[in-house]
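Structural overview
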Amino acid sequence: MKKNTFLYILLVFLIVVNGFFLINYIGKNNDSRPEESQREKDFIVRELGFNDTQLERFYVKSAGHHPTMMRLSNDIKELKDKLFNKLSDDEINESTIDSITALICDKETEKEKEIFYHFKMIRDIANDKQKEKFNNILMDALRRGDRGNRPRPPMRGEGHRPPPH
C-alpha cells in the first residue's frame, strides 16, 4: 500500500509540473508574438523620432500589416505541410508538386510585397532627416539578414571536411 501511495504522489507531482510547464512555456510563446511586433513598431518610432502627427498616421496605416503577415505566414506553412506530406505517397504527381510550389511562391511574393509597401509607407511619413536614418536602419538590417542566410562553416569534429582548395 505504501508503494502505491508514493506512486500516486509522484504522479500528481508530475501532472502539476507538466501543467506548469505547458502554461508558462506554450502560453508565453503564443502571446510573445504580438509583443514582438509592438517592440518592432516602437523601435522604428523611437529611432526615427516621429512627432504626434506622424505617429497617428503610422499607427493608422500600419494597423493591418501584422494580421496580413500572420495570415500569409500561416498560408505558407499550410502549403509547405501539404507539400511535404506528399513525401509519403508511393507515386508522386509532378503537376501537383509544381502547383503547390507555385502557390508557395505566390504567397512568398505577396509577403515580400507587403513588407516593401509597409516600409514605403513608413518612409513616406518620414521627413528628409528621418528618411536618411530610416535608410541606414534598413540597410543595416538587410546586411544582417544576409549573414543569417549563409550556411555556417562546419565545426571541427562534425564529420564534414571543408571543400578542396
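As shown above, the structure is provided for reference.
Nothing here was measured: the structure is a model prediction, and the numbers come from that model.

What follows covers a nonpolar patch on the surface. A cluster of nonpolar residues, Phe6, Leu7, Leu10, Phe13, Leu14 and Val17, forms a patch on the protein surface that exposes about 580 Å² of accessible area. By the element assignment, Phe6 lies in helix H1 (residues 2–48). Residue classification places Phe6 among the exposed positions, given a relative accessible area of 55%.

The description of an aromatic ring pair rests on the distance of the ring centres and on the angle between the ring planes. Evaluated as defined, the whole model comprises 4 aromatic pairs. Considering the side-chain rings of Phe58 and Tyr59, the 5.2 Å spacing of their centres and the 70° angle between planes classify their relative orientation as edge-to-face. Through pairs of rings, three or more aromatic residues link up here, namely Phe50, Phe58 and Tyr59.

Right, let's talk about the side chain of Lys111 for a bit. Relative to the assigned elements, Lys111 resides in helix H4 (residues 94–125). Despite its burial, Lys111 pairs with no opposite charge, the nearest such side chain being Glu108 at 5.0 Å. Ignoring sequence-local partners within four residues, the contact set of Lys111 consists of Met69, Leu72, Ser73 and Ile76.

Bringing helix H3 (residues 65–85) into the picture now. With 21 residues, H3 extends 30 Å between its outermost C-alpha atoms, agreeing within 8% with the 30 Å of an ideal straight helix rising 1.5 Å per residue. His65, Met69, Leu72, Asp75, Ile76, Leu79 and Leu83 are the residues of H3 that are buried. Looking down the long axis of H3, one finds its buried residues gathered within 125° of arc, a one-sided arrangement. In this structure, H3 carries Lys77, Glu78 and Asn85 as exposed residues pointing more than 90 degrees from its buried face. Close packing links the buried residues of H3 with H4.

In this section: the environment of Phe50. Among the secondary structure elements, Phe50 is positioned in the loop between H1 and helix H2 (52–61). Using a relative accessible area of 8% as the deciding quantity, one classes Phe50 as buried. Phe50 sits 77 residues away from Asn127 along the chain, and the two C-alpha atoms are 9.0 Å apart. Residue contacts for Phe50: discarding those within four places in its chain leaves Val45, Leu55, Phe58, Ile122, Ile125, Ala126 and Gln130.

Let us now look at the pattern of salt bridges. Proximity of charged atoms lets side chains of opposite charge pair with each other. By the definition in use, this model includes 7 salt bridges. The residue Lys120 makes a salt bridge to Asp124 at a minimum N-O spacing of 3.0 Å. Placement of the pair is Lys120 and Asp124 together in helix H4, with a separation of 4 residues, close to one helical turn. Relative accessible area serves as the criterion here: at 38%, Lys120 is assigned to the partly exposed category. What makes Asp124 partly exposed here is its relative accessible area of 42%. Among the ionic pairs, Arg144 bridges to Asp140, the shortest N-O distance being 3.0 Å.

Right, let's get into the environment of Ile76. In this fold, Ile76 is placed in helix H3. Linking Ile76 and Asp106, residues 30 residues apart in sequence, is a C-alpha distance of 9.4 Å. Not counting residues up to four positions away in its chain, the partners in contact with Ile76 are Lys107, Glu108 and Lys111.

Calculation rules
Residues numbered from 1 in each chain as written. Predicted model: local features only at pLDDT ≥ 70, side-chain atom pairs only at ≥ 80, totals over all residues. Heavy atoms only, no water. Patch = residues over 30% accessible without salt bridge, like charges linked within 9 Å, V, L, I, M, F, W, Y side chains within 5 Å. Areas by Shrake-Rupley, 256 points an atom, 1.4 Å probe, with all protein chains shown as cover. Salt bridge = Lys/Arg side-chain N within 4 Å of Asp/Glu carboxyl O. Helix = DSSP H or I, 4+ residues; strand = E, 2+ residues; numbered from the N terminus. Buried < 20%, exposed > 50% of the residue type's maximum accessible area, 1.4 Å probe, protein only. Phe/Tyr/Trp six-rings, centres within 6.5 Å; stacked < 30°, edge-to-face > 60°. Lys, Arg positive; Asp, Glu negative; His and termini not counted. Contact = heavy atoms within 4.5 Å. Expected span 1.5 Å × (residues − 1). Arc of directions from axis to C-beta.

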